[in-house]
Amino acid sequence: MIPDHMLAARVHVRGGPDFHLDLVPVPEPGPGQLLVRVESASVNFSDVKRRRGDPYPFDTAFPYVPGGEIAGTVAALGPGVDGPPVGTRVFAFAGPNGYGGYAQFAVAYAAAAVPIPDALDFDGAGTLIVAGATARIILTLTARVQPGEHVLVPAATGGVGSFAVQIARALGARVIAAVGHPDKTETARALGAHDVVVYTEPDWPARVRTLTNGRGVDVALEASGGDVLRQTFSTLAPFGRLVVYGAASGVSASLDPATMETWLYAPGANQSITSFNINTWFVERPQDAGPALMALVDDASTGRLRLPDIRTLPLREAREAHLALEARRTIGKIVLKPWQE
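Treat the numbers as computed from the prediction; the structure is a model and nothing was measured.

Some words on the packing of helix 1 (residues 45–52) against helix 11 (residues 318–326)
- Two elements in contact, helix 1 and helix 11, have axes separated by 10 Å at closest approach and are oriented at 100°. With respect to their mutual orientation, helix 1 and helix 11 come out roughly perpendicular. In this structure, helix 1 contributes Phe45, Asp47, Val48, Arg51 and Arg52 to the contact, and helix 11 contributes His322, Leu325 and Glu326.
- Tallied by class, residues from the contact of helix 1 with helix 11 come to three nonpolar, one polar and four charged.

Structure, rendered in structure tokens:
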């Protein structure tokens, strides 16, 4: 039986992680939607960005229930929806606008809800549609990594990073992992990184150049912003591709005019910078994003892809989850458990 009200971790005004555990009405699924009893709500940096009011491609209404990535059981179907059937274990994007998951129930679009294979639990499946799909789509569809290329993966022990190291290596690339602290080096190597650099050390771009015999990397992922964006750009080889999928530092930095002029006209080295947002892929190019996600699910369920280390917290500790993510103290993924005391 579906209750009238549920617990949700809400932020009432944009800014810091001032969460309130509120009793709110259970949402009703609209046309094309289903209601999910949430067992796992994955915590992503996109949740932090929207909470802080950082630039984001989709509107965020306050009070705000973060959480764009959920896994749970179908509890009800909206008008005109014929499946997945009630009782099916699924993972999905939460809400009509990518939030609402830090709650005991959330709506999701039926067309984007993926049944969970028997080999996966809720926590593992709940990491796939944002972190996992981001890594796979960036590497295979956006950057189009080729065998033998050098790929630089930042935050290599985090959610996206831990997937990206493995996927890039499976594509035949030479993987250079970038971590924020030396104590994460062995974790990055265990994921399959060939080499590791510490991007909090001032000479790390030079270290990347040394590892590539002075040429630079063919593909670089970037999610920090600020000075790290400029440093990462400096590591690109001719024809290098930089894919920017976030700004964890909270600083949206641009390249200085002198660098841009040299890059474009002096002459340019045929390099490219591409912005990336996972939601846009599923909205605008579902014919490409869907198969990429299903290939990821197959790899995860058969054991070819190692899922990130997962730390679970009850819903009332959403603040701690966000603080840990912002402080870059995490390895793997944090998952909130809405029904855990």
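Some thoughts on the nonpolar core
- Counting residues in hydrophobic clusters, the biggest one holds 53 residues, and the most contacted among them are Phe91, Ile137, Val151 and Leu293.
- With nine residues, helix 3 (residues 128–142) is the largest single contributor of residues to this core.
- If we skip the residues at most four places from it in the chain, phenylalanine 91 touches Ile70, Ala71, Ala112, Ala113, Val114, Pro115, Ile116, Ala125, Leu128, Ile129, Leu293 and Val297.
- Core analysis: the second largest hydrophobic core is formed by 40 residues, Ala76, Ala106, Ala113 and Ala324 among them.

Points about the confidence of the model for the protein
- In this model, the protein carries an average pLDDT of 91, and 94% of its residues clear a pLDDT of 70 or more.
- Highest mean pLDDT in the protein belongs to strand 8 (residues 150–153) (98); lowest belongs to helix 8 (residues 257–265) (70).

Some remarks on unusual backbone geometry
- In this model, phenylalanine 62 is joined to proline 63 through a cis peptide bond whose omega is 0°.
- Positionally, proline 63 belongs in the loop between helix 1 and strand 4 (69–77).
- In this chain, glycine 83 is followed by proline 84 through a cis amide linkage whose omega measures 5°.
- Mapped onto the fold, proline 84 is located in the loop between strand 4 and strand 5 (89–93).
- Of note in the backbone geometry, alanine 155 takes a positive phi value of approximately 45° without being a glycine.
- Structurally, alanine 155 can be placed in the loop between strand 8 and helix 4 (159–170).
- Although it is not a glycine, asparagine 213 sits at a positive phi angle of roughly 55°.
- Mapped onto the fold, asparagine 213 is located in the loop between helix 6 (204–211) and strand 11 (217–222).

Rules behind the numbers
- Residues numbered from 1 in each chain as written.
- Predicted model: local features only at pLDDT ≥ 70, side-chain atom pairs only at ≥ 80, totals over all residues.
- Heavy atoms only, no water.
- Axes fitted to C-alpha atoms, helices over the stretch in contact; angles between N-to-C directions.
- Helix = DSSP H or I, 4+ residues; strand = E, 2+ residues; numbered from the N terminus.
- Parallel < 35°, antiparallel > 145°, perpendicular 65-115°, else oblique.
- Contact = heavy atoms within 4.5 Å.
- Nonpolar A, V, L, I, M, F, W, Y, C, P; charged D, E, K, R; others polar.
- Core = buried A, V, L, I, M, F, W, Y, C linked by side-chain atoms within 4.5 Å.
- Buried < 20%, exposed > 50% of the residue type's maximum accessible area, 1.4 Å probe, protein only.
- pLDDT = per-residue confidence, 0-100.

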